[in-house]
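A structural walkthrough
Here are the chains, one letter per residue:
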Amino acid sequence: MPEWKDTVNLPRTDFPMRANLPTSEPEVLARWEEEGLYAKIREARRGAPRFVLHDGPPYANGDIHIGTALNKILKDFIVKSRTMDGFDSPYVPGWDCHGLPIELKVDRELGPKKARMSVADFRRACREYAARFVDQMRVDFKRLGVLGDWAEPYLTMNYGYQAAIVRALGRFVEQGLVYKGKKPVHWCTHCRTALAEAEVEYEDHTSPSIYVEFPLHPSAADDLAARIPGLAGRHVSVLIWTTTPWTIPSNLAVAFHPEFDYGAYEFEGRVVILASELAETVGKATGKPLGAPLLVVKGEVFDRLAFQHPLYDRPSLAVLADYVTLEAGTGVVHTAPGHGSDDYVTGIRYGLDVYAPVGPGGHYTDDVLLFAGLQVWAANPKVEEALHERARLWHRAQFSHSYPHCWRCHNPVIFLATSQWFIAMDRESAAAGGRTLRTQSLEAIKGVQWTPAWGQERIHNMLASRPDWCISRQRSWGVPIPALACQACQHVLLTPELVERAAGVFDVHGADAWYERPLAEFVPDGTACPVCGGTAFDRETNILDVWFDSGSSHEAVLARNPALSWPAAVYLEGSDQYRGWFHSSLLVGLGTRQRAPFERVITHGFVVATDGRKMSKSLGNTVVPQDVIKQHGAEIIRLWAAMVDYREEVRLGKEILARVVEAYRKLRNTLRFLAGNLYDFDPVRDRLPIERLQEVDRYVLARYAAAAARAREAYDTFDFQAIVHTITHLATVDISAFYSNVSKDCVYTLASAAESRRSAQTAMYVMVDGLARLLAPILPITADELWRALPGTRESSVHLAAMPADADAWRDDALVERWTRLIAVRDVVNGALEAQRQAKTIGTSLEATVVVTARGATLDLLRESAAQLDMLFIVSGTDVREAPGDAPELTVDVLRSDGTKCIRCWRYVHDISSEPAFAGLCGRCVEAVAELV
């Protein structure tokens, strides 16, 4: 005779309760690698509609951090979900390998050895450095469970990619949009290179704030008297305000707004001119109160009047400019065309020199009187001292403000006019139908889907106001600009023919060839200087902006890889890329194909500490993904990435990780419960059609169907947080807290093949199979492990399967509404049972019989469901009674059951068997074990 406890259908499964992810994950990843899972997925989706997420290249110079982990995981969510939704969704990862950070690291590694190296040798050292970190980061990204073509990623330093960069530049050259000129650009004196807008970060900075008098130039006295007779014969000065005293030596003009009112104020025997609206503010700031003005005139009256430079014997021309404001200062703007964008434009309009006597390291050139050789930041107090000695310094103070800094070295930058290559934003292009690049870009972004939606306005504002794109850098590690300078007259040539010739060489030998192969290989036959006819040339020494490199990725990768397609369905990066990769990719796409290279752009926020502060090693609040993986596993990082609203700043710390671990545990336990009850279930033989299912099983399947529909919709809108919330609620509330409890008696104690049990197993199978599919993009290793533990013939990996397609068949809104009402009654019954447990009247709920007294619709509902109430309440008996008309709609009384406890199912019943073979068993259990005796 069997032990009755051994006849109970307790769960059995190969899907363990303890995940032990740090150990199990590498084993699964190794199996995927050995099986060639990514290649199998590609083959399985061959010919399907294509959906391409184009990977924005991370920089290859360090370990991955939690921000890059978040980025790669979000991309993997999309690729895996699109793949399982029936798309051919390849993922080709990439790396940005050129640029100053690598160059500076290699500089330090090489030390004095660099001085003995050629440029080509140095570039090879940079290539080796980048390749080392590509390999290191690739290991970490794969450890996160990210599937992709890791064997053949794209690298901006690959020969074919470098050639594609140059060809993209060639398309701009063909349209006449590329020019070389001397214009002010952001310049880092520490890195000694120009910076793109995307390479500038604004940080708090304290600058000297000075008010300076520019006296009227002696030659302009009669001119002023003729324009403003009230000032004839007076000693007149104009007052300016600046926070960059070091630019005073480069001053060539003072700017007035033509429509502002300017007052002439008498002060210590002279007349000082400034905006009348700011006179009181200036008086308070400087401690030099100004009374009523002698007179007030419009700014236009000063146009082209000559004032005197406060330090040198040269005029400073009065100019008019609309950018002059009344927000701060004096309403008169010190103007140095070599050190400011607006200053430059104004200077060109007035025919002023683009004067910028500052070298690459930020030192004044030798011809700058008083300050030759000084570094500009060190010169600030010297300039103030010189102004004070000449009685031109009205006042000085300290001024705290947001100031541009280099994103690499975090030192403050300056505006410096240098000879650079630019792409014009406002030149008309025949290839673009006579439109400018700015006009094209502002039109193109309207056709892109932006997530979050505010992204469109953000990039619109950047494009509307951005200057011409400075695409040259004064460094070595990058793609050279294939231009030539005539040795005879120094005229610079950059033609489509030169560009294509260079691209052909780069295809074969890489961009290092520019520095080591004969120049003749780059010069088409018959090339001559169009200015002087010269045929001897020098190579351009500048390289391209690395943002042009990465912004060309759609040309180098999407357009050249037959497994991909142009444009991409989606770009996904951090929110800082509106001014970075999104921006440069858009401009390159418009330059090469007159449209945006992406159909949708998704951005995520930065990862911050639990308290919202920026993560910092010095604060000790960083979360290192490698450490989390060692302790908890990569699946925990992935679940966290799906649980947060990635579109905003996302928080992470020990407490948050602990909550994620607990959420994973609960979810895994639910999945294990479902899988464990299917050990003797054959999906082909035992699965029941919907019309034969028990009502409670149809109800839970309806809840599952609604959740599956919401999850699939959320995948379509990239709302991963909604997916996790929906599935977690289904697992913990509908299945774990309700269905697992009410179904255990049936599944555990009925005969193995009993129809009620097969009904429950059918529901469990449908749900666990569907949940494995729905969770696979988010928890790929857990889902794959679960998939392999499920019964039936199926794909070798869940990642070769499709999203659940039949969930809608289980939808039944009327049934859900009915069972929602029943569960509300169950909640009341549970409350009454718990009160009696606390009173020690009963132990388990099976020791109880409940008397439910109801009226109206509730009574009707309970009578209709009478056969299911014991199961619903998990009690040994239920008595439904009608309440009188004036009684509450529902009351519950709990009685101790007067039956006998079945030793197998633990219910209290009145049909305990007296047969020796089945002694102590209820009639239902006798039926269940009869075949075993």
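Right above here is the structure, for reference.
In this report, the structure presented in the accompanying data block is examined. This one's a predicted model, so the numbers in the text were calculated from it and none came from an experiment.

About the criteria used
Residues numbered from 1 in each chain as written. Predicted model: local features only at pLDDT ≥ 70, side-chain atom pairs only at ≥ 80, totals over all residues. Heavy atoms only, no water. Helix = DSSP H or I, 4+ residues; strand = E, 2+ residues; numbered from the N terminus. Rg over C-alpha atoms; globule rule 2.2 N^0.38 Å. Buried < 20%, exposed > 50% of the residue type's maximum accessible area, 1.4 Å probe, protein only. Contact = heavy atoms within 4.5 Å. Areas by Shrake-Rupley, 256 points an atom, 1.4 Å probe, with all protein chains shown as cover. Lys, Arg positive; Asp, Glu negative; His and termini not counted. Charge placed at Lys NZ, Arg CZ, Asp CG, Glu CD. Salt bridge = Lys/Arg side-chain N within 4 Å of Asp/Glu carboxyl O. Pairing = 2+ DSSP bridges. Axes fitted to C-alpha atoms, helices over the stretch in contact; angles between N-to-C directions. Expected span 1.5 Å × (residues − 1). Core = buried A, V, L, I, M, F, W, Y, C linked by side-chain atoms within 4.5 Å. Polar contact = N/O pair within 3.5 Å; in protein donor to acceptor, adjacent residues only side chain to side chain. Left-handed = near helix turned anticlockwise from the far one by under 90°. Nonpolar A, V, L, I, M, F, W, Y, C, P; charged D, E, K, R; others polar. Right-handed = clockwise from strand over helix to strand, strands pointing away. Disulfide = S-S within 2.5 Å. Phe/Tyr/Trp six-rings, centres within 6.5 Å; stacked < 30°, edge-to-face > 60°. Parallel < 35°, antiparallel > 145°, perpendicular 65-115°, else oblique.

**Observations concerning the overall build of the protein chain**
- Scanning the protein chain from terminus to terminus reveals 28 helices and 34 strands.
- Scaling as 2.2 N^0.38, a compact globule of 933 residues should have a C-alpha radius of gyration of about 30 Å, whereas the protein chain reaches 38 Å, well beyond that.
- Expressed as lengths along the three principal axes of its C-alpha atoms, the size of the protein chain is roughly 130 × 75 × 55 Å.
- Burial status across the protein chain gives 58% buried among its 933 residues.
- When contacts within the protein chain are restricted to residue pairs at least 6 apart in sequence, those whose partners lie at least 24 apart make up 78%.
- Summing over all exposed atoms, the protein chain offers an accessible surface of approximately 38,000 Å²; the carbon and sulfur share of this is 51%.
- Between the centroid of the 101 positive side chains of the protein chain and the centroid of its 117 negative side chains there is a distance of 3 Å.

**Examining the environment of A802**
- Position of A802 among the secondary structure elements: in the loop between α24 (780–789) and α25 (813–838).
- Sequence spacing of A802 and T83 is 719 residues, and the spatial spacing of their C-alpha atoms is 7.8 Å.

**Thoughts on the pattern of salt bridges**
- Here the structure, examined in full by the defined rule, presents 63 salt bridges.
- R517 is the partner of E521 in a salt bridge, and the nearest nitrogen-oxygen pair spans 2.9 Å.
- What makes E521 partly exposed here is its relative accessible area of 25%.
- Take R517: its relative accessible area is 28%, and that puts it in the partly exposed class.
- Close ionic contact of D686 with R758 constitutes a salt bridge, the shortest N to O distance being 3.7 Å. Taken together, the residues span a long stretch of sequence, with D686 in the loop between α20 (654–676) and α21 (695–716) and R758 in helix α23 (residues 755–775) at a distance of 72 residues.
- For D686, a relative accessible area of 8% translates into the label buried.
- Each of D680, R685, D686, R757 and R758 takes part in one network of salt bridges that share partners.

**Some points on the sheet that holds strand β10 (residues 270–275)**
- The strand order across the open sheet formed by six strands is β11-β9-β10-β7-β6-β15, and the pairing between neighbours is mixed. The open sheet has two free edges, formed respectively by β11 (295–298) and β15 (393–406), since each of these has just one partner strand. Across the sheet, the mean angle separating the axes of adjacent strands is 30° when strand polarity is ignored.
- Direction of pairing for strand β9 (residues 261–267) relative to β10: antiparallel, over a ladder of six bridges. Its bridge partner being in β10, Y265 is matched across the sheet by V272.
- In the packing of helix α8 (residues 279–286) onto the sheet, the strands contacted are β6 (200–215), β7 (236–242), β9, β10 and β15, and the crossing angle to β15 comes to about 100°.

**Some words on the sheet that holds strand β12 (residues 306–308)**
- Here four strands make up an open sheet; going across it, the order is β12-β13-β8-β14 and the pairing mixed. Strands at the two margins of the open sheet, each flanked by one partner only, are β12 and β14 (332–335). Neighbour-to-neighbour, the strand axes of this sheet turn through a mean angle of 30°, independent of strand direction.
- Bridge count for strand β8 (residues 253–256) against strand β13 (residues 315–320) is four bridges, and the pairing is parallel. Note that in β13 the partner of A253 across the bridge is L317.

**Re the pairing of β13**
- For β13, the buried fraction is high: five of the six residues fall into the buried class.
- Examined bridge by bridge, β12 and β13 share three bridges and lie antiparallel to one another. When the bridges of β13 are listed, A306 appears paired with L317.
- From the end of β12 to the start of β13, which pair antiparallel, there are six residues.

**Here we look at α21**
- Taking 1.5 Å of rise per residue, 22 residues should cover 32 Å, and α21 covers 32 Å from first to last C-alpha, within 8% of that figure.
- One or two positions beyond α21, positive phi appears at F718, with a value near 60°.

**Looking at the nonpolar core**
- Core analysis: the biggest nonpolar cluster contains 145 residues, and L144, W640, F720 and Y739 have the highest contact counts within it.
- The biggest single contributor to this core is helix α22 (residues 720–749), with 13 residues.
- The contact partners of F720, leaving out residues within four places of it in the chain, are L74, F77, I78, A642, Y646 and Y715.
- Listed in part, the 75 residues of the second largest apolar core include I240, A264, L320 and V332.

**Observations regarding unusual backbone geometry**
- Residue P452 is reached from T451 by a cis peptide bond, and omega for that bond is 0°.
- In the segment running from W566 into P567, the intervening peptide bond is cis, with an omega of 0°.
- Structurally, the position occupied by P567 is in the loop between α16 (553–558) and β26 (570–574).
- In this structure, L370 takes a positive phi of about 80° despite not being glycine.
- Mapped onto the elements, L370 comes out in the loop between α9 (341–349) and α10 (376–389).

**Section: the environment of R427**
- As for its placement among the helices and strands, R427 is situated in the loop between β16 (414–423) and β17 (428–429).
- Given the relative accessible area of 35%, R427 is considered partly exposed.
- With 252 residues separating them along the chain, R427 and Q175 place their C-alpha atoms 9.3 Å apart.
- Aside from chain neighbours lying at most four places away, what touches R427 is G176, L177, V178, Y179, R435, T436 and L437.
- Among the polar contacts listed, one links the side chain of R427 to the backbone oxygen of G176, at a separation of 2.8 Å.

**A short note on the packing of helix α6 (residues 159–174) against helix α17 (residues 581–593)**
- Axis separation between α6 and α17 bottoms out at 8 Å; the angle between their running directions is 65°. For the element pair α6 and α17, the recorded crossing hand is left-handed. From α6, A168, R171 and F172 reach across to α17, where they touch L587, V588, G591 and T592.
- Tallied by class, the residues present in the contact of α6 with α17 amount to four nonpolar, two polar and one charged.

**Observations regarding the pairing of strand β27 (residues 600–604)**
- Across the five residues that make up β27, a large majority, five, are buried.
- Alternating positions in β27 separate into two faces, R600, I602 and H604 on one and V601 and T603 on the other, with burial throughout.
- For the segment spanning β26, α17 and β27, crossover handedness is right-handed.

**Comments concerning the state of the cysteines**
- Summed over all chains, the structure comprises zero disulfides.
- Free of any disulfide, C470 has its nearest neighbouring cysteine sulfur in C406, separated by 14 Å.
- By relative accessible area, which is 6% here, C470 ends up buried.
- Between C529, a free cysteine, and C489, which holds the nearest cysteine sulfur, the sulfur-to-sulfur gap is 3.5 Å.

**A look at the packing of aromatic side chains**
- Inspection of every chain in the model, using the stated rule, returns 37 aromatic pairs.
- Residues Y179 and F422 carry aromatic rings whose centres are separated by 5.4 Å and whose planes lie at 20° to one another, so their mutual orientation is stacked. Of this pair, Y179 sits in strand β4 (residues 178–188) while F422 sits in strand β16, and the two are 243 residues apart along the sequence.
- The class of Y179 is buried, set by a relative accessible area of 16%.
- Pairing Y571 with F598 gives two aromatic rings, centres 4.8 Å apart and planes at 65°, and the pair type is edge-to-face. With Y571 in strand β26 and F598 in the loop between α17 and β27, this residue pair connects regions lying 27 residues apart in the sequence.
- Residue classification places F598 among the buried positions, given a relative accessible area of 1%.
- Grouping aromatic residues by their ring pairs yields a cluster made of W450, W454, Y571, Y578, W581, F582 and F598.

**Description of the packing of helix α11 (residues 437–444) against helix α12 (residues 455–465)**
- One way to put it is that α11 packs onto α12 with a least axis distance of 9 Å and a crossing angle of 170°. With respect to α12, the element α11 is oriented roughly antiparallel. Of the residues in α12, those touching α11 at R438, S441 and L442 are H460, L463, A464 and S465.
- For the contact of α11 with α12, the class distribution of residues is three nonpolar, three polar and one charged.

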